[in-house]
Each structure stands twice: as C-alpha cells, then as structure tokens.
Amino acid sequence: MAVTASDAWPMPGQRRRSRQRKDEIRRVADRFAPEAGRWEVLFETRDEPEWREHIRRLRASDTQIDWSAARMDTLCGRLMQPTTYRLSLFVRDKAPDPGKYSSGN
C-alpha cells in the first residue's frame, strides 16, 4: 500500500488549529484550577423542569453571573438515588494581602 501526500502531511492550518485548541484547554485549566478558587453550588434539585426554570430566570434577571464560569451538572442516580441537577459557580479565592506576612518591624 502506497503512502499518499494526504497521509504523510497534515492539512494546511491543521497544526495551528490544534495548537490553538491545546492553548485554550490550558487557559481553562488554569482559570479553574483548585488553587484559583472553588465551585459553589447555587441551586440543586431533583426536578428537571424546576432546574431549567430556575436557570432561565437567572439568565433573564441576574446580569452579575459570569456564565462562562458556571457549571451545570446532571448527576445520574440510577437505581439507588434519583437524578440530581446542580448549578454551580466558580468563585475565585481572594489574593492574599502582600503586607500581611511581611517580615518587618
């Protein structure tokens, strides 16, 4: 079986797009790293329509929420527990006060 040019080399621009995806993954991982903050649960329920309605109302009324830092989880319960729907928001830790631990007089 012969190797063709399309098998040997990536498509034009493919390497750049791959690098951009990897950079974006790194940025997101750094933004939501455990040492950067914590996830706080805003709302949790076992009723899916109630969960969807709550999210809809928040999106319409609360302009302070950074939706790029929100996480919507569906925790599948299977037989032992019912399914739970959870809305969490990433809260950044406050930067430590630089003068607090200084060794001065």
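Fair warning: this is a prediction, and the values are worked out from it, not measured in the lab.

## Describing the overall build of the chain
A count of helical and extended segments in the chain gives three helices and three strands. Taken from the N to the C terminus, the helices and strands of the chain come in the order α-α-β-α-β-β. A separation of at least 24 residues holds for 59% of the contacts in the chain among residues at least 6 apart in sequence.

## Digging into the pairing of strand β3 (residues 84-92)
Both strand β1 (residues 37-45) and β3 contribute to a ladder of eight bridges, which runs antiparallel. Among the inter-strand pairings, Thr 45 is bridged to a residue of β3, identified as Tyr 85. As defined by bridge partners, strand β2 (residues 70-75) adjoins β3 across six bridges and the pair is classed as antiparallel. Bridged to Arg 71 within β3 is Ser 88.

## A few points about the packing of aromatic side chains
Enumeration according to the criterion identifies four aromatic pairs in this entry. Ring geometry for Trp 39 against Phe 90: centres 5.2 Å apart, planes inclined by 70°, an arrangement best described as edge-to-face. One end of the pair, Trp 39, is in strand β1; the other, Phe 90, is in strand β3, with 51 residues separating them in the sequence. Taking relative accessible area as the criterion, Phe 90 reaches 9% and is therefore assigned buried. An aromatic cluster is built from Phe 32, Trp 39 and Phe 90, whose rings are joined through pairwise contacts. Lying across the ring of Trp 67, Arg 59 places its NZ or CZ 4.6 Å from the centre.

## Quick look at the nonpolar core
Ranked by internal contacts, the top residues of the largest apolar core, which has 13 residues, are Trp 51, Ala 69, Leu 87, Leu 89 and Phe 90. Looking at this core, the elements that each hand over two or more residues are α3 (48-61) and β3. Broken down by element, the residue count for this core peaks at four residues, all from β3. Not counting chain neighbours up to four residues away, the residues in contact with Phe 90 comprise Arg 31, Phe 32, Ala 33, Ala 36, Gly 37, Arg 38, Trp 39 and Ala 69.

## Concerning the environment of Ser 88
Along the chain, Ser 88 falls in strand β3. Placed 44 residues apart in sequence, Ser 88 and Glu 44 show a C-alpha to C-alpha distance of 8.7 Å. Other than its neighbours up to four places away in sequence, Ser 88 contacts Trp 39, Glu 40, Val 41, Leu 42, Ala 69, Ala 70, Arg 71 and Asp 73.

## Comments concerning the pattern of salt bridges
Pairing is possible between side chains of opposite charge, provided their charged atoms come close. Counting across every chain of the model gives ten salt bridges. One salt bridge connects Asp 23 with Arg 26, and the closest N-O pair in it is separated by 2.9 Å. Here Asp 23 pairs with Arg 26, and both are found in helix α2 (residues 14-31), just three residues apart, close to one helical turn. Linking Arg 31 and Asp 66 is a salt bridge whose minimum nitrogen-to-oxygen distance equals 2.8 Å. Residue Arg 31 is found in helix α2, and its partner Asp 66 is found in the loop between α3 and β2; the two are separated by 35 residues along the sequence. Each of the salt bridges in this network shares a partner with another, and the network as a whole consists of Arg 38, Glu 40 and Asp 93.

Analysis parameters
Residues numbered from 1 in each chain as written. Predicted model: local features only at pLDDT ≥ 70, side-chain atom pairs only at ≥ 80, totals over all residues. Heavy atoms only, no water. Helix = DSSP H or I, 4+ residues; strand = E, 2+ residues; numbered from the N terminus. Contact = heavy atoms within 4.5 Å. Pairing = 2+ DSSP bridges. Phe/Tyr/Trp six-rings, centres within 6.5 Å; stacked < 30°, edge-to-face > 60°. Buried < 20%, exposed > 50% of the residue type's maximum accessible area, 1.4 Å probe, protein only. Lys NZ or Arg CZ within 6 Å of the ring centre and 35° of its normal. Core = buried A, V, L, I, M, F, W, Y, C linked by side-chain atoms within 4.5 Å. Salt bridge = Lys/Arg side-chain N within 4 Å of Asp/Glu carboxyl O.

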